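Spelled out from the first residue to the last, the chains are:
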Amino acid sequence: MNTSFLFLIGRRSALRQAGPRYRCYASSASAKPAPAAKNRWVGIALVTIAAGGTGAYLRSQGSGSATLNPDTFTKYQLVSREPVSSTSSLFTLRPRYPSDQNYDVYEDAWKTGVWSVMFKQPQLQIGRDYTPLPATAATPLTVEEENNGYLRFYIRKDPFGEVSRYLHSLKLGADIEMRGPQIECAIPKQTQEILFIAGGTGIAPALQAGYSLLNRTTKENRPRIHIFWANRLKEDCIGGHSDTPMPSTSRSSWFSGWFGSSKEIVSKDQIAPTQPLADQETSMIVRELDALKSQYPGQVTVDYYLDEENRFIGKKEILNYIESTSRPSYGSPGSKLILVSGPEGFISYMVGPKLWADGKELQGPLRGIIKELDLKGWAVWKL
């Protein structure tokens, strides 16, 4: 499959025009740039209109359904909020009113691929999409919790994020209104291999993708997923152990690359022994990943990258994985996927930014370091 062939996938946005999303093919065509001043005022006007439109739509949506659905907001109750790091927490929610249909709603979404739900911030009447975490052997749901429709979310408290700050301010037992599920990436049935490049809380969709893909495992079919997970702080992935020996490198991070130069400076190719990131208690997300690896031996591998330790995901790391593990026998369209999830700057650095056009969020042309690698036979999705 031609690498530049992209699929449309909606993703998380603080202010998003409510209503159905659509998939289409990305276009590399661009409009003629306007003068800077005009662009600035047009941008301000568009943001204002989008915010007003989203608020009006959210205000019009009631909470009359006990079953999660994509059309109206359903009330959930905050059961627990457990710190994962100094900046993020694991949220556990349950429907305020029991509904036997929630199990089927979740099950259909898990089987399809990566999905999200929108959380409403009622004071500002804005919404933000978050990705539910699958239940694993590391943090399983009880039968009662599963039957009652519990959902878990890994959420970072963004100092500039109105919805995340609102969620972290809530007391246990508070109501949270959610709408969904929204399928962000339907993983084709023929998929055999996924390379997932995750930045920060972008690891939640990676866990979803792994869960959906690996549940298709049979004696004859053993799909696999490799995850590159980048974090700025060690505390987010304490106890993580990379499955690939890490070369000794010195280069700029995606953050500095996004705002400055993205050139890599690679030192000697000395291979350093892989070591756990710290001797402290293993973080919750690392336990989730380890549980997935234990459940599907040989089908899940993970590499950890840290700004703090001057280890970043670059062209060499991606190319080494592609060359060392690619399976040529699986050449049908959709059999090999690269999925990228994380902050906007991270996605832009890796595969180029998404675009807005005609009130819809589009994939936009493939750019970034994945474009420069010119990989053959891999489809690329921006989450």
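Placed above this text is the structure.
Keep in mind the model is a prediction, meaning the values are calculated, not measured. Numbering of residues starts from 1 in every chain and runs along the sequence as written. This being a predicted model, a pLDDT of at least 70 is required before a residue's local features are given, and a value of 80 or more before pairs of side-chain atoms are given or counted; all residues contribute to the totals for chains, interfaces and linings. The basis for the side-chain values is all heavy atoms of the structure; hydrogens and waters are excluded.

Trainee: It is not clear to me how the nonpolar core should be interpreted in this structure. Could you clarify?
Mentor: Counting 36 residues, the largest nonpolar core has Phe-196, Trp-229 and Leu-339 as its most contacted members. Secondary structure elements with two or more residues in this core: β8 (193-199), α5 (203-214), β9 (224-231), α7 (284-295), β12 (300-306), β13 (336-341) and β16 (379-382). Helix numbering and strand numbering both begin at the N terminus, where a helix is a DSSP run of H or I of at least 4 residues and a strand a DSSP run of E of at least 2. Top element by residues in this core is α5. It accounts for seven residues. By definition in these notes, contact holds between two residues if any of their heavy atoms fall within 4.5 Å. Once you skip the residues sitting within four places of it in the chain, Phe-196 turns out to touch Gly-202, Pro-205, Ala-206, Ala-209, Ile-225, His-226, Ile-227, Phe-228, Leu-339, Ser-341 and Leu-383. To form a nonpolar core, buried Ala, Val, Leu, Ile, Met, Phe, Trp, Tyr and Cys residues must be joined to one another through side-chain atoms within 4.5 Å. Whether a residue is buried, partly exposed or exposed follows from its accessible area with a 1.4 Å probe, protein chains only, as a fraction of its type maximum: under 20%, in between, or over 50%, in that order.

Trainee: I keep staring at the packing of aromatic side chains and nothing clicks. Help me out?
Mentor: The way to describe two aromatic rings as a pair is by their centre distance and the angle between their planes. Here a pair means two rings of Phe, Tyr or Trp (six-membered ring of Trp) with centres within 6.5 Å. Their orientation is stacked below 30 degrees between planes, edge-to-face above 60, and tilted elsewhere. Tallying each qualifying case throughout the model produces eight aromatic pairs. Centre to centre, the rings of Tyr-106 and Trp-115 are 6.2 Å apart; their planes meet at 25°, and the pair counts as stacked. You can call Trp-115 buried: its relative accessible area is 0%. Here Phe-228 and Tyr-305 contribute two aromatic rings whose centre-to-centre distance is 5.6 Å and whose plane-to-plane angle is 80°, an arrangement assigned as edge-to-face. Of this pair, Phe-228 sits in strand β9 while Tyr-305 is found in strand β12, placing the two residues 77 residues apart along the sequence. For the pair shown, Phe-228 and Tyr-305 are each scored as buried. Just above the ring of Phe-73 sits the side chain of Lys-120; from NZ or CZ to the centre is 4.7 Å. A ring has a charge above it when a Lys NZ or an Arg CZ is no more than 6 Å from the ring centre and no more than 35 degrees off the ring normal. When the ring centre of Tyr-130 is taken as origin, the NZ or CZ atom of Arg-128, which lies over that ring, is 5.1 Å away.

Trainee: Explain the sheet that holds strand β5 (residues 132-133) to me, please; I cannot follow it from the model alone.
Mentor: The strands that make up a sheet pair up through hydrogen bonds in the backbone, lying either parallel or antiparallel. Any two strands with at least two DSSP-identified bridges between them are counted as paired. Read from one edge to the other, the open sheet built from seven strands follows the order β4-β3-β7-β1-β2-β6-β5, with strand pairing classed as antiparallel. Both edges of this open sheet fall to β4 (126-130) and β5, since each of them pairs with a single strand only. Pairing of strand β3 (residues 113-121) with β4, which is carried by five bridges, proceeds in the antiparallel orientation. Within β4, the position partnered with Val-117 by the bridge is Tyr-130. Between N-to-C directions, angles span 0 to 180 degrees; the directions come from axes that are lines fitted to C-alpha atoms, helices contributing only their stretch in contact. Taken strand by strand, helix α4 (residues 162-169) contacts β1 (74-83), β2 (88-95), β3, β4, β6 (151-156) and β7 (175-186), and its axis lies near 80° from that of β4.

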